[in-house]
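Structural features, examined
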Amino acid sequence: MGLVAAALAAWPAALRFQSALVWQAFVVCTAGAAFVMAPLSAALASALPSNKFRQALTVGVLLASVPLVPFATVLKTATHHRPLGGVTFAVCAGAVVVGLSLVSARLITWAGAQHSRVRALSRFCLVALAALGAAAMLLALIQGLRGGDTLRNGFFDALRVLGFATLAARVPLPARLVQRLRGFGLAAWIAVVTVGVCLGRAPVMHTELAERCPVLHWPLLWLGG
């Protein structure tokens, strides 16, 4: 499911390229997204029980909006290199979301073991923090990240990666099917990432990726793509 989710996340980014490069860009963007999304969705699928997982991830994503909105504002005014700014925001956003989701999971688990008053107070605090994060996210969407197309595209690319990775982790699959496809999925993931790295090395494609979707290209840069 991680590869399918990566393809869905990559398609809107590929459409930013000229028609002659769309399919090549789609493969490279899918590889970049898959390099992150497949391990992330696998880790999320084996994390907390379903109900606690959804609560922790929801609160974590919403809470992440509180520091990330002002950070994006500072970044778009202080960074003159837009692709670098988009990549910086995506990396920091992913780290903040994962960190706050883990903290939220720990708080939810701790609150469940407390007596009724503490449990109710903890739930109220979680709802209040989630509401604050929702307000910050709404503010970011209203403003539209008015820092140029590159930063705005980077924001939505990162958002799609996180969203589709989460959905892929929650798709129920029969245990037998998962066991049968595990080896095939790993081989397909390696093949897609390898092809993406090779295609991303082309000078024209490398330049276009830096301009149009640096966030999805960034993971492949670690591998020399």
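Please refer to the structure placed before this passage.
This section reports on the structure supplied with the text. Every chain is numbered independently, its residues counted from 1 as its sequence is written. Per-residue local features are limited, in this predicted model, to residues with pLDDT of at least 70; the limit for side-chain atom pairs, both in listing and counting, is 80 or more; totals at the level of whole chains, interfaces and linings are taken over all residues. Side-chain measures were taken over the full set of non-hydrogen atoms in the model, leaving aside hydrogen atoms and water.

Only DSSP runs of H or I covering at least 4 residues are called helices, and only runs of E covering at least 2 are called strands; the numbering of each starts at the N terminus. Mapped onto the secondary structure, Arg-160 falls in helix 6 (residues 149-170). Only protein chains enter the accessibility calculation, which uses a 1.4 Å probe; a residue is then buried when its area is under 20% of its type maximum, exposed when over 50%, and partly exposed in between. On the basis of relative accessibility, which here comes to 16%, the residue Arg-160 falls in the buried class. Only 2.9 Å separates the side chain of Arg-160 from the backbone oxygen of Ala-9, close enough to count as a polar contact. Separated by 2.4 Å, the side chains of Arg-160 and Asp-157 make a polar contact. Distance and chemistry together define a polar contact, namely a pair of N or O atoms within 3.5 Å, with one atom able to donate a hydrogen and the other to accept it when in protein, and with adjacent residues in sequence counting only for side-chain atoms on both sides.

With that settled, the discussion passes to a nonpolar patch on the surface. Where nonpolar side chains cluster on the molecular surface, the patch consists of Trp-11, Leu-15 and Trp-23 and spans about 360 Å² of accessible area. One can find Trp-11 in helix 1 (residues 2-14). Trp-11 gets classed as partly exposed once you look at its relative accessible area, which sits at 32%. Candidates for patches are residues over 30% relative accessible area with no salt bridge; among them, like charges are joined within 9 Å and nonpolar side chains (Val, Leu, Ile, Met, Phe, Trp, Tyr) within 5 Å. Under the convention used here, a 1.4 Å probe and the Shrake-Rupley method define accessible areas, while residue burial counts only the protein chains that appear. By convention in these notes, a salt bridge is any Lys or Arg side-chain nitrogen within 4 Å of a carboxyl oxygen on Asp or Glu.

Bringing the environment of Ala-64 into the picture now. One can find Ala-64 in helix 3 (residues 50-78). Expressed as a C-alpha distance, the spacing of Ala-64 and Ala-95, which sit 31 residues apart in the sequence, is 9.4 Å. We call two residues contacting when some pair of their heavy atoms lies within 4.5 Å. Discounting chain neighbours no more than four positions away, the residues touching Ala-64 are Val-96, Val-97 and Leu-100.

Turning our eyes to something else, we now look at the packing of aromatic side chains. For Phe, Tyr and Trp, rings pair up if their centres lie within 6.5 Å, where Trp contributes its six-membered ring, and each pair is then called stacked (planes under 30 degrees apart), edge-to-face (over 60) or tilted (otherwise). Per the stated rule, a full pass over the model turns up four aromatic pairs. Arranged with centres 5.3 Å apart and planes meeting at 85 degrees, the rings of Trp-11 and Phe-26 form a pair that is edge-to-face. Pair noted here: Trp-11 is in helix 1 and Phe-26 is in helix 2 (residues 22-45), with a separation of 15 residues, a long-range link. With a relative accessible area of 18%, Phe-26 lands in the buried category.

Looking now at the environment of Ala-7. Position of Ala-7 relative to the elements: it lies in helix 1. Along the sequence, Ala-7 and Val-27 sit 20 residues apart, while their C-alpha atoms lie 8.2 Å from each other. Contact partners of Ala-7, with chain neighbours within four places excluded, come to Phe-26 and Thr-30.

Here the focus is the pattern of salt bridges. Close approach of charged atoms allows side chains with opposite charge to pair. One pass over the structure, following the stated rule, counts three salt bridges. The partner of Glu-208 in a salt bridge is Arg-212, with the nearest N and O atoms 2.4 Å apart. Taken together, the residues span about one helical turn, with Glu-208 and Arg-212 both in helix 8 (residues 203-212) at a distance of four residues. The class of Arg-212 is partly exposed, set by a relative accessible area of 31%. Each of Arg-16, Asp-157 and Arg-160 takes part in salt bridges that share partners, so that together they form one network.

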